[in-house]
Amino acid sequence: MFLSQLCPGYHRYIWPKVCTCFLFLQASIGIWNAGKNNMGFGMNRKTWNTIKSCAEHFCKYDDYNWDWSLNQLGSSCLQRPIKVMVLKGPRIFHIGTCGIHHKKSCNEVAEADKIRSKINVQKQHLFPETLHLDSALSPAAPRKKIKNFGGWGDVRDHELCLSFVDR
């Protein structure tokens with residue numbers, strides 16, 4: 001199938017010369033990685049129950065980053081790492097210069113407007129009927145203990161986290 005058929009009337013190209021709407025038809029399957037898969041995600045009940053069964057490990061891991069706490073479950077509690085399907089065309093967006101990791105000033109309204117504009121251009125491609133898996137499941141890396149960043153040592157944080165699991 002030609003890109004003009006996949007993306008009728010839309011011919012904006014990005015590097016490496018791929019129609020951006022084609023990205024919304026592509027997905028990869030791999031292993032959860034806190035550095036790559038932390039913008040947001042959905043899960044089914046089975047995955048939630050698996051994570052829930054490791055609540056003590058997750059809630060008491062001394063790291064203020066939820067994604068690294070989830071990452072460490074693969075080496076401390078889960079029998080195998082969490083598998084993920086990552087869509088190439090994003091449905092969740094980072095607001096760029098705004099946030100704790102950016103020291104320069106930001107304009108949240110301008111950043112949100114940029115994202116709205118991207119979404120409006122791609123709106124018709126957000127929910128394709130089929131997806132193309134462009135890569136197979138990569139082999140899991142050897143599991144090793146990950147050093148934590150700290151900042152989650154307060155017992156009250158642990159109790160609050162565990163209270164969400166009991167709901």
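Here is what the cut-offs are and how they apply
- Residues numbered from 1 in each chain as written.
- Predicted model: local features only at pLDDT ≥ 70, side-chain atom pairs only at ≥ 80, totals over all residues.
- Heavy atoms only, no water.
- Helix = DSSP H or I, 4+ residues; strand = E, 2+ residues; numbered from the N terminus.
- Buried < 20%, exposed > 50% of the residue type's maximum accessible area, 1.4 Å probe, protein only.
- Contact = heavy atoms within 4.5 Å.
- Core = buried A, V, L, I, M, F, W, Y, C linked by side-chain atoms within 4.5 Å.
- Phe/Tyr/Trp six-rings, centres within 6.5 Å; stacked < 30°, edge-to-face > 60°.
- 1 Å grid on protein atoms, 1.4 Å probe; cavity = no way out; pocket = protein on both sides within 12 Å on 5 of 7 lines; lining within 4 Å.
- Points joined across faces, edges and corners; volume = space filled by probe spheres on them.
- Patch = residues over 30% accessible without salt bridge, like charges linked within 9 Å, V, L, I, M, F, W, Y side chains within 5 Å.
- Areas by Shrake-Rupley, 256 points an atom, 1.4 Å probe, with all protein chains shown as cover.
- Salt bridge = Lys/Arg side-chain N within 4 Å of Asp/Glu carboxyl O.
- Disulfide = S-S within 2.5 Å.
- pLDDT = per-residue confidence, 0-100.
- Polar contact = N/O pair within 3.5 Å; in protein donor to acceptor, adjacent residues only side chain to side chain.

Peer 1: Help me out: how do you make sense of the side chain of His158 in this one?
Peer 2: Here His158 lies in helix 7 (residues 155-165). Overall, the relative accessible area of 12% leaves His158 in the buried class. Those residues in contact with His158 that lie beyond four places of it in its chain are Cys59, Lys60, Trp152 and Gly153.

Peer 1: Would you mind going over the nonpolar core with me for this structure?
Peer 2: One broad trend across soluble globular proteins is that nonpolar side chains are buried collectively. Of all hydrophobic cores here, the largest spans 9 residues; its members are Trp32, Ala34, Ile51, Cys54, Leu70, Leu73, Leu78, Ile82 and Val84. Ignoring sequence-local partners within four residues, the contact set of Ala34 consists of Asp67, Trp68 and Asn71. Counting 5 residues, the second largest nonpolar core, distinct from the first, contains Ala55, Cys59, Leu162 and Val165.

Peer 1: Can you walk me through the packing of aromatic side chains in this structure?
Peer 2: Note on aromatic pairs: each is described by the distance of the centres and the angle between the planes. For the structure shown, the criterion picks out 4 aromatic pairs. What links up through ring pairs into an aromatic cluster is the set Trp32, Phe41 and Trp66.

Peer 1: What is the right way to read the layout of surface pockets from this model?
Peer 2: To locate leftover empty space, one rolls a probe as large as a water molecule over the atoms. Its volume calculated, the largest pocket comes out at about 920 Å³. What lines the largest pocket is a set of 32 residues, among which Phe41, Gly42, Lys83, Val84 and Met85 lie closest to the centre. Broken down by element, the lining of the largest pocket gets its largest block of residues, 5 residues, from strand 4 (residues 83-87).

Peer 1: Help me out: how do you make sense of a nonpolar patch on the surface in this one?
Peer 2: Taken together, the side chains of Phe41, Met43, Trp48 and Trp66 make up a nonpolar region of the molecular surface, amounting to roughly 380 Å² of accessible area. Inspection of the secondary structure puts Trp66 in helix 5 (residues 66-76).

Peer 1: Honestly, the state of the cysteines in this entry has me stumped. Any pointers?
Peer 2: Structurally, a disulfide amounts to a covalent bond that connects the sulfur atoms of two cysteines. Using the criterion set out here, one finds 2 disulfides in the structure. Between the sulfur atoms of Cys54 and its disulfide mate Cys77 the distance is 2.1 Å. Between Cys54 and Cys77 the disulfide shows an S-S torsion of about -85 degrees. By sign, it is left-handed. A residue pair is termed long-range when its members are at least 10 positions apart, and Cys54 in the loop between helix 3 (45-52) and helix 4 (55-60) and Cys77 in the loop between helix 5 and strand 4 qualify at 23 residues.

Peer 1: In this structure, what is going on with the confidence of the model for the chain? I would like to understand it.
Peer 2: Note: predicted coordinates in regions of low pLDDT should not be interpreted at a detailed level. Per-residue confidence for the chain averages 77 on the pLDDT scale, and 75% of its residues sit at or above 70. The element-level mean pLDDT for the chain is lowest in strand 1 (residues 13-14), coming to 38, with helix 7 highest at 93. Confidence over residues 1-18 falls short of pLDDT 50; this stretch has 24 contacts with residues more than four positions distant or in other chains.

Peer 1: I keep staring at the side chain of His125 and nothing clicks. Help me out?
Peer 2: If you trace the backbone, His125 turns up in the loop between helix 6 (108-122) and strand 5 (132-135). Take His125: its relative accessible area is 10%, and that puts it in the buried class. Within the structure, the side chain of His125 is placed 3.2 Å from the side chain of Gln124, a separation counted as a polar contact.

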